[in-house]
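Observations on chain architecture
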Amino acid sequence: MLVLTALAYLVMPLVDRLTVQWFVKDLNLRATLVANTIDEPLYGLVAANDTPGIRRFFARIAQDERVFAMGLCGTPQGTPVATASLPGEINCANLNSFSDPTGRVLTEAQGPLLVSVRPIAPFGDTVGRIVLVQDMSFVERRSAQTKQYLFYFFVALGVVVSLITVAVAQLSWRGWVHGIQALMRGEGLLRPAHLSDEGELQPIADDLRTLIRDIEAEHRLRDEEQLAWTPETLRGILDRELRGQDVMVVSNREPYIHVRQADSIVIQRPASGLVTAVEPIMRACSGIWIAHGSGSADREVVDRNDRIQVPVEDPSYRLRRVWLTQEEEQGYYYGFANEGLWPLCHIAHVRPTFRTSDWIQYERVNRKFADAIVQEAKSPDPIVLVQDYHLALVPRMVRERLPAATIIAFWHIPWPNPEAFAICPWRQELLDGLLGSSILGFHTQFHCNNFVDTVDRQLEAMVDRETFSVSFNGQTTVIKRYPISVEWPPNKSLVAIPVEECRARVRERHALPSDHAIGLGVDRLDYTKGLEERFNAVERLLELHPQWIGKFTFIQIAAPSRASIEQYHDYEQRVRALAARINERFARSKYPAIILEAKHHEPESVYEYYRGTDLCFVSSLHDGMNLVAKEFVASREDERGVLILSQFTGAARELPEALIVNPYDADQCAAAINVALAMPLRTQRTRMRLMRGLISEFNVYRWAGRMLLDAATMRRRGRILGRPMQASRWVSAADDAGPEAPAHPTAHVQSESFR
Ligand code: F6P
């Protein structure tokens with residue numbers, strides 16, 4: 001519209017000038033025509049010297065609306081014989097100044113007049129010159145009319161152009177939204193080039209196929225054995241398959257932390273995926289959990305063997321605490337585990353740091369945990385579940401002292417490719433430590449493959465890709481995928497408050513209106529979680545879709561974590577600064593764009609947020625599984641809410657009904673938030689139902705149950721062969737083809753074939 005207005009402004013004077021020129025030309029032609037027509041009768045009147053007759057003749061002609069006056073000059077000096085209306089400044093003496101053939105314009109009070117002078121010479125003799133004065137005010141009127149028409153024309157043109165623009169924008173917007181929807185469905189429509197790369201999505205596709213095969217096999221199994229994955233199933237496996245053996249879990253993080261606050265002791269439950277998954281298993285199976293006693297009041301509540309029955313309100317299993325000196329914790333936990341292995345395995349653009357002093361502490365603390373396991377073992381062949389990257393050396397250390405133990409190690413974080421892992425100076429020691437296990441589990445087949453490739457590259461070991469096992473130092477380890485999950489159904493205390501009340505409470509707590517849209521993030525303050533990328537996506541959303549300014553707020557719950565490590569400290573500062581900057585930018589709105597709650601929240605509070613918000617955004621740059629995604633889905637029995645999930649999480653391989661995004665692509669993430677906010681309830685329900693169906697079947701009892709079943713099969717096979725356990729024999733028997741197809745073309749061994 002602005003361009004058109006400017007154009008009209010420039011064009012108007014030009015049109016004006018041209019119109020006047022055309023009319024003057026026409027009037028001059030008219031003057032010539034009049035002169036040629038009247039010269040003969042006028043000649044007669046002049047010859048007869050009939051001055052009154054000439055005046056009457058002229059008066060008749062001047063009756064024409066456009067002819068203003070007429071006059072005749074017989075001699076150059078004489079007085080013109082003219083109509084009374086002839087302007088006073090025209091006389092016979094100055095006639096030459098009007099004799100230009102294009103005429104001359106006089107501006108009078110009544111308007112512009114065109115004065116034309118023509119000779120009268122009908123028979124060759126000039127008898128005088130006539131003056132024809134024509135009224136030009138009609139030119140002004142027509143010019144004004146033309147301007148008016150032009151104005152209407154430009155307005156109409158503007159409207160048409162705007163309508164076309166809106167129509168084109170509307171069409172391309174629809175195409176774009178369809179594109180995003182297709183992208184979410186994984187159809188590749190309008191997919192960014194880097195996402196349409198089949199190679200990149202191949203691992204997800206493979207894992208999905210595996211998952212479908214697992215579900216089918218599971219259904220067959222259920223039909224045959226009526227098996228459902230519940231705490232009772234687990235207890236049944238322990239009683240029937242493992243002769244009532246106790247389960248020993250060992251991890252760095254403890255499930256209950258006793259903290260001194262003034263005169264009282266409070267119990268905290270840590271923000272940890274590991275604890276979320278293993279705690280319900282321990283409640284179901286009893287047994288003992290060995291972990292680092294990290295709470296300030298932990299020592300005050302244990303017995304003389306450093307044990308305590310937990311949960312305190314309903315004791316179900318024993319927690320055995322291992323004490324570490326400050327130096328040990330610094331070198332083993334903060335140093336080697338979290339400055340070395342964590343960035344090494346996550347490949348999230350933070351350089352791993354390896355120090356010999358940290359490695360020495362790591363070895364020493366792993367030895368402490370192994371000692372505790374040996375002390376706590378009630379038999380020479382216990383079942384030990386070793387958790388995570390903090391304790392990679394424990395399986396070998398226990399194997400050396402309890403050769404008949406069934407050791408299942410589970411690696412909760414990604415396993416990188418062999419090139420990335422090779423930079424660790426103690427790579428062979430770590431691999432050797434892990435290969436002390438009977439079974440080594442990962443969340444995804446992709447990580448299993450990476451581990452086997454790493455062993456192949458680093459050790460003189462026998463790698464059998466047919467059975468997916470590794471033989472090293474006289475010990476065979478089966479490498480297998482066990483996707484971790486959450487308790488199902490969720491603990492009653494976590495979902496006791498109705499969803500509507502949770503919605504109201506969350507909005508009230510943050511002084512937001514009842515219809516305010518809320519997005520949620522729940523993470524530890526860790527650089528692998530992509531909090532900056534998430535906030536950038538929120539900012540982009542508000543840029544691209546300003547209708548959400550003041551109508552949408554993103555609440556980020558961020559539990560402080562490993563804060564004494566410099567990268568974590570810097571990360572927290574950056575995250576806080578970014579949230580503040582974005583809020584500043586949109587400060588014109590009454591409600592903040594981002595609310596950052598950087599403090600510890602107990603599970604009840606986290607579930608209130610899960611249930612009270614409209615979408616949950618998990619944007620990890622790399623994550624083994626990510627249980628926040630599964631917890632959010634498990635918490636929504638109302639089948640509402642949308643999950644936006646990073647493609648770089650293990651969970652994305654199981655939950656394709658989430659909006660799967662690349663967290664590095666702010667535009668795509670912003671589009672996903674917008675799609676989530678506008679998603680019809682019916683679509684939300686369909687997606688939620690599918691995800692909830694999957695999690696209900698693939699719950700945490702199945703995760704642990706499958707490992708225990710595999711352990712039971714191994715032990716049985718070992719007894720038959722008359723030796724503690726030979727995983728190689730166990731796995732080779734899998735050629736009998738169990739009910740499930742292998743997850744990897746040459747990989748999986750399914751325990752059901754031995755049942
Ligand atoms: O993801 C690995 C992991 O050990 C998880 O199991 C857990 O969520 C997280 O790290 C906890 O970290 P930390 O024990 O260092 O607080």
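Below, the structure is looked at part by part. All values derive from a computational prediction rather than experimental measurement. (Residues numbered from 1 in each chain as written. Predicted model: local features only at pLDDT ≥ 70, side-chain atom pairs only at ≥ 80, totals over all residues. Heavy atoms only, no water.)

**So, the overall build of the chain**
Note the following rule: The way it works is that DSSP assigns letters per residue, a run of H or I at least four long becomes a helix, a run of E at least two long becomes a strand, and they are numbered from the N terminus. For each residue, the accessible area found with a 1.4 Å probe, counting protein chains only, is set against the maximum for its type, and the residue is called buried under 20%, exposed over 50%, and partly exposed in between. Only heavy atoms enter the contact rule, under which two residues are in contact if any of them lie within 4.5 Å. Per-residue and other accessible areas follow the Shrake-Rupley method at a 1.4 Å probe size, with only the shown protein chains counted as cover for residues.
If you tally the helices and strands in the chain, you get 22 helices and 23 strands. Across the 755 residues in the chain, those meeting the buried criterion constitute 55%. Contacts spanning at least 24 positions in sequence make up 72% of the contacts within the chain whose residues lie at least 6 apart. Looking at the chain as shown, the accessible area adds up to about 32,600 Å², and 54% of this sits on carbon and sulfur atoms.

**Comments concerning the side chain of R321**
Put simply, the rule reads: Counting of polar contacts relies on pairs of N or O atoms within 3.5 Å, with two restrictions inside protein: one atom must be capable of donating a hydrogen and the other of accepting it, and residues adjacent in sequence are counted only when both atoms are side-chain atoms.
Tracing the sequence through the fold places R321 in strand β11 (residues 317-322). Judged by relative accessible area, which is 0%, R321 ranks as buried. From its side chain, R321 meets the backbone oxygen of Y256 in a polar contact 2.9 Å long. A polar side-chain atom of R321 sits 2.9 Å from a polar atom in the side chain of H258. Excluding anything up to four places from it in sequence, R321 contacts E254, Y256, I257, H258, A291, G293, D298, V301, V302, D306 and I308.

**A closer look at the state of the cysteines**
Among covalent bonds in proteins, the disulfide is the one between the sulfur atoms of two cysteines. Put simply, the test is: Whenever a pair of cysteine sulfur atoms sits within 2.5 Å, that pair is classed as a disulfide.
Scanning the model with the defined rule gives 1 disulfide in all. What pairs with C73 in a disulfide is C92, and their sulfur atoms sit 2.0 Å apart. The disulfide joining C73 to C92 has a torsion of about -90° about its S-S bond and is therefore left-handed. Taken as a pair, C73 in strand β1 (residues 67-73) and C92 in the loop between β2 (81-82) and β3 (104-108) lie far apart in primary sequence, 19 residues in all. A relative accessible area of 3% places C92 in the buried class. Looking at C345, it has no disulfide partner, and the nearest cysteine sulfur is the one in C424, 8.8 Å off.

**With respect to the site of the ligand**
Let me state the cut-off plainly: By convention in this text, a residue qualifies as near a molecule or strand provided that one of its non-hydrogen atoms is within 4 Å of it.
In the vicinity of the ligand, the residues found are R253, S272, G273, L274, Y333, W342, D388, Y389, H390, I413, R524 and R562. Contact distances for the ligand include 2.8 Å between an oxygen atom and a side-chain N or O atom of R562. Summarising the interface, the protein chains cover 90% of the accessible area of the ligand, which totals 390 Å² for the free molecule. Mapped onto the shell around the ligand, the elements with two or more residues apiece are α6 (273-285) and α8 (326-346).

**Details of the sheet that holds strand β9 (residues 288-292)**
What counts here: If DSSP finds at least two bridges between two strands, the strands pair. All axes are obtained by fitting lines to C-alpha atoms, using only the stretch in contact for helices, and the reported angles, taken between N-to-C directions, cover 0 to 180 degrees.
The strand order across the open sheet formed by 10 strands is β10-β11-β9-β6-β12-β13-β14-β17-β16-β15, and the pairing between neighbours is mixed. Of all strands in the sheet, those with a lone pairing partner are β10 (307-310) and β15 (462-464), marking the two edges. Strand-to-strand twist across the sheet, computed as the mean angle between neighbouring axes with direction ignored, equals 20°. Examined bridge by bridge, strand β14 (residues 439-442) and strand β17 (residues 475-481) share 4 bridges and lie parallel to one another. Across the sheet, the residue bridging to G441 is K480, located in β17.

**Topic: the pairing of strand β6 (residues 247-250)**
Alternating residues of β6 divide into V247 and V249 and M248 and V250, and every residue in both groups is buried. In this sheet, strand β12 (residues 383-387) lies alongside β6 in parallel orientation, the contact comprising 4 bridges. In the sheet register, V250 faces β12, and the bridge partner there is V386. For β6 and β9, the ladder comprises 3 bridges, and the chain directions are parallel. Its bridge partner being in β9, M248 is matched across the sheet by I288.

**Quick word on the side chain of D388**
Its place among the elements puts D388 in the loop between β12 and α10 (394-401). Separated by 3.0 Å, the side chain of D388 and the backbone nitrogen of H412 make a polar contact. Contact partners of D388, with chain neighbours within four places excluded, come to L274, F410, W411, H412 and I413.

**Some thoughts on the sheet that holds strand β19 (residues 552-559)**
Judged by pairing direction, the sheet is parallel, and its 6 strands sit side by side in the order β20-β19-β18-β21-β22-β23 without closing on themselves. With partners counted over all chains shown, the strands left at the sheet margins are β20 (594-597) and β23 (659-661), one partner each. Going from strand to strand, the sheet's axes swing by 20° on average, the running direction of each strand aside. As paired elements, strand β22 (residues 642-646) and β23 share 3 bridges and run parallel to each other. Bridge pairing in β23 links S646 to V661. In the packing of helix α15 (residues 531-544) onto the sheet, the strands contacted are β18 (517-524), β19, β20 and β21 (615-618), and the crossing angle to β19 comes to about 175°.

**Some details on the packing of helix α18 (residues 627-635) against helix α20 (residues 681-697)**
Rules: Note that the term roughly parallel is reserved for angles under 35 degrees, roughly antiparallel for angles over 145, roughly perpendicular for angles of 65 to 115, and oblique for everything else. By convention the crossing between two helices is left-handed if the near helix lies anticlockwise of the far one by an angle smaller than a right angle, and right-handed if it lies clockwise. For this classification, the nonpolar set comprises Ala, Val, Leu, Ile, Met, Phe, Trp, Tyr, Cys and Pro, the charged set comprises Asp, Glu, Lys and Arg, and every other residue, Gly included, is treated as polar.
Between α18 and α20, the shortest axis-to-axis distance is 9 Å and the interhelical angle comes to 110°. Looking at the two axes, α18 sits roughly perpendicular to α20. When you trace α18 past α20, the crossing you get is left-handed. Facing K630, F632, V633, A634 and S635 of α18, the residues of α20 in contact are M688, M691, R692 and I695. The residue makeup of the contact of α18 with α20, split by class, is 6 nonpolar, 1 polar and 2 charged.

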